[in-house]
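Examining the three-dimensional arrangement
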Amino acid sequence: MSISFAIIGGGWYGCHIACSLRALGFGVTVFEHQPRLLHLASGNNQFRLHLGFHYARHYGTRMQSREGFSRFVERYPELSRPVPDNIYAVPCGDSLIDFLTYKLIMTSSGIEFTELYDHPPMLTNLEGCLKVPERVLLIDRARRYFLDRLSENLVLGHRVAAIEETEAAVHVDGQRFDFVIDATWGHFSKPPIELFYEPTLLLYYEANCDFPAITMVDGPLCSIYPTEDPGLYTLSSVPHTPLGRFSTSEAARQALDAVDPALVASKVELMEQQIARYVPGYKDVFRFIGPQFSIKTKPSGSFDDRSCYVFKTGRVFSVMSGKIDTIFYAMERILSLIEAMPDASVPAEAGGLREEVLRSAASWTPT
Ligand SMILES: Cc1cc2nc3c(=O)[nH]c(=O)nc-3n(C[C@H](O)[C@H](O)[C@H](O)COP(=O)(O)OP(=O)(O)OC[C@H]3O[C@@H](n4cnc5c(N)ncnc54)[C@H](O)[C@@H]3O)c2cc1C
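Below is a short write-up of the structure.

What counts as what
Residues numbered from 1 in each chain as written. Predicted model: local features only at pLDDT ≥ 70, side-chain atom pairs only at ≥ 80, totals over all residues. Heavy atoms only, no water. Pairing = 2+ DSSP bridges. Helix = DSSP H or I, 4+ residues; strand = E, 2+ residues; numbered from the N terminus. Axes fitted to C-alpha atoms, helices over the stretch in contact; angles between N-to-C directions. Contact = heavy atoms within 4.5 Å. Buried < 20%, exposed > 50% of the residue type's maximum accessible area, 1.4 Å probe, protein only. Near = heavy atom within 4 Å. Polar contact = N/O pair within 3.5 Å; in protein donor to acceptor, adjacent residues only side chain to side chain. Areas by Shrake-Rupley, 256 points an atom, 1.4 Å probe, with all protein chains shown as cover.

**Some points on the sheet that holds strand β5 (residues 86-91)**
- As summarised here, the arrangement of the eight strands in space is β6-β7-β5-β15-β16-β17-β14-β18, forming an open sheet in which the pairing is mixed. Two strands in the sheet have a free side with no partner beyond their single neighbour: β6 (114-116) and β18 (286-299). Adjacent strand axes in the sheet meet at a mean angle of 25 degrees, parallel and antiparallel pairs treated alike.
- Sheet analysis places strand β14 (residues 195-207) next to strand β17 (residues 232-237), joined by four bridges and oriented antiparallel. If you follow Tyr205 over to β17, its bridge partner there is Tyr233.
- Sitting on the sheet, helix α3 (residues 99-108) touches β5, β6 and β7 (126-131), and the angle it makes with β7 is about 20 degrees.
- Packing against the sheet, helix α6 (residues 261-276) makes contact with β14, β16 (222-226), β17 and β18, and its axis sits at approximately 70 degrees to β14.

Encoded structure:
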């Protein structure tokens, strides 16, 4: 009988790990609380397939993104598409680093870009601009892809209440498995690092013409990014997107539930004011459509670590997700931790290298 895995959570991480384990011949069951896949953070974010340009302050995150980007395009060629005009800009005065430093960090990280010597005409207040090949994730297509691949492995609309571990197995709400992978981004159980939950608000806009993706870096800045739907964009802002900082998932959820139209209206005003510093004609092009709510689980610390971490206690793996490009890293860590388990270790043999050398040396001894 093949080894069985229960995966809690049907976001990008749970779905990718489930497909990979299935392909390797393991038994897989995905428990997802919501009635559909990719329903929480995985379906409510800025849909950017990162290459590392966001993370000037964290080397590990840049490296994971750079590698994850090409693996993603190779493994899921139909689940993202190019963004023809994708610009990262360092604004004058408002950035935490200057343009040359930013450019140098990206160059030394081996991430490809083209420097734009003439700023696009709709932008102002900029020190420098790079054109980058980051892509947009196609979330609706991804949902259908995973539903199709995993249909026999899914238990949708099931909120896992408890897991119980014995020496030989682990039970998920009473059902027996060999291993459990908690891929809930810390919503079922907290990974063993210092972290917090951040409810978030992005804004959806409709544009009356094609508009480039524009990301201001580095620091408390803002960005406009296209979605898979032509003419539909998200606006995000480092200072205005977060709606607080909570030590439990439950408290973050309650804060989201308490958001009212007045709060959304005030965020719209603040975020439009912020983007207008760099895109003065923003309101002539974009029309606000509605908010997007989500929750980020973030490691504590101020230098923007968005790397992925995997922990293992007994038969339970806990995934601390990074960005979506780090799904491959998570899967490989899980396999590597399984391979390193004691029952996978090489049995001790009598003899060993010394005996072999002595045996062989005996045949060279002159008679
Ligand atoms: C505002 C915002 C913008 C972002 N922008 C980007 C971006 O542009 N690019 C990028 O790469 N990343 C971005 N991210 C990060 C990205 O969303 C996450 O890396 C990714 O979605 C994490 O996926 P996940 O599968 O770990 O978690 P989730 O998508 O949150 O999935 C966890 C799943 O677990 C389920 N679950 C929880 N508890 C239980 C339970 N007890 N039983 C059963 N199921 C349960 C939930 O219903 C959920 O479906 C952004 C995040 C936010 C919030």
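**What to know about the side chain of His50**
- Position of His50 among the secondary structure elements: in the loop between β3 (48-49) and α2 (59-75).
- By relative accessible area, His50 is classed as buried at 5%.
- Beyond its immediate stretch of four places on either side in the chain, His50 contacts Tyr55, Ser65, Phe69, Glu134, Lys323 and Asp325.

**Quick word on the site of the ligand**
- Among the 34 residues in the neighbourhood of the ligand, the closest are listed as Glu32, Ser42, Arg48, Ser321 and Gly322.
- Gln46 has a polar backbone atom sitting 3.2 Å from a nitrogen atom of the ligand.
- In this structure, an oxygen atom belonging to the ligand sits 2.7 Å away from a main-chain N or O atom of Gly322.
- For the ligand, the protein covers 97% of the area, taking 1000 Å² as the surface of the free molecule.
- Counting residues per element, the ones that place at least two in the shell around the ligand are α1 (12-23), β2 (27-32) and β18.
- Element by element, the count of residues in the shell around the ligand is highest for β18, at three residues.

By themselves these figures say nothing about function.
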